[in-house]
Amino acid sequence: MLPDLGKYSDTVLSAYGASLALLGLLVVLTLWRGTRVRREMDALEQRMRKDG
């Protein structure tokens, strides 16, 4: 299933690996930030209701 990359196989496969790792990191950071922002918005909403 893997194409014959010849002498460049190490370079190409490491580039694919690095790209997948960076995409995975981007997804994790996005989810983490979304959770943090949601918590901050909930806290702000609670303050607005209290001050209301």
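Structure: above.
The rules we used
Residues numbered from 1 in each chain as written. Predicted model: local features only at pLDDT ≥ 70, side-chain atom pairs only at ≥ 80, totals over all residues. Heavy atoms only, no water. Helix = DSSP H or I, 4+ residues; strand = E, 2+ residues; numbered from the N terminus. Rg over C-alpha atoms; globule rule 2.2 N^0.38 Å. Buried < 20%, exposed > 50% of the residue type's maximum accessible area, 1.4 Å probe, protein only. Areas by Shrake-Rupley, 256 points an atom, 1.4 Å probe, with all protein chains shown as cover. Lys, Arg positive; Asp, Glu negative; His and termini not counted. Charge placed at Lys NZ, Arg CZ, Asp CG, Glu CD. Phe/Tyr/Trp six-rings, centres within 6.5 Å; stacked < 30°, edge-to-face > 60°. Lys NZ or Arg CZ within 6 Å of the ring centre and 35° of its normal. Patch = residues over 30% accessible without salt bridge, like charges linked within 9 Å, V, L, I, M, F, W, Y side chains within 5 Å. Salt bridge = Lys/Arg side-chain N within 4 Å of Asp/Glu carboxyl O.

## Considering the overall build of the chain
Counting its regular elements, the chain contains one helix and zero strands. Taken against the 2.2 N^0.38 rule, which gives 10 Å for 52 residues, the C-alpha radius of gyration of the chain at 22 Å runs more than 25% over that of a compact globule. C-alpha extents for the chain along the principal axes are approximately 70 × 20 × 10 Å. For the chain, buried positions account for 0% of its 52 residues. On the chain, roughly 5100 Å² of surface is accessible, and the fraction owed to carbon and sulfur atoms is 65%. Here the chain contributes 8 positive and 6 negative side-chain charges, whose respective centroids are spaced 7 Å apart.

## Things to note about the packing of aromatic side chains
A full pass over the atoms with the stated rule returns zero aromatic pairs. Looking at R36, its charged tip hangs above the ring of W32, at a distance of 5.1 Å from the centre.

## Comments concerning a nonpolar patch on the surface
Where nonpolar side chains cluster on the molecular surface, the patch consists of L22, L25, L29 and W32 and spans about 440 Å² of accessible area. Looking at the element boundaries, L29 is found in helix α1 (residues 9–51).

## Observations regarding the pattern of salt bridges
Counted by the stated rule, this structure contains two salt bridges. Of the charged contacts, one joins R36 and E40 as a salt bridge, the two residues approaching to 3.7 Å between their closest N and O atoms. Taken as a pair, R36 and E40 lie in helix α1 at a separation of four residues, close to a single helical turn. For R36, a relative accessible area of 30% translates into the label partly exposed. Between R49 and E45 there is a salt bridge; the shortest N-O distance is 2.7 Å. Of the two residues, R49 and E45 both sit in helix α1, four residues apart, roughly one turn of that helix.

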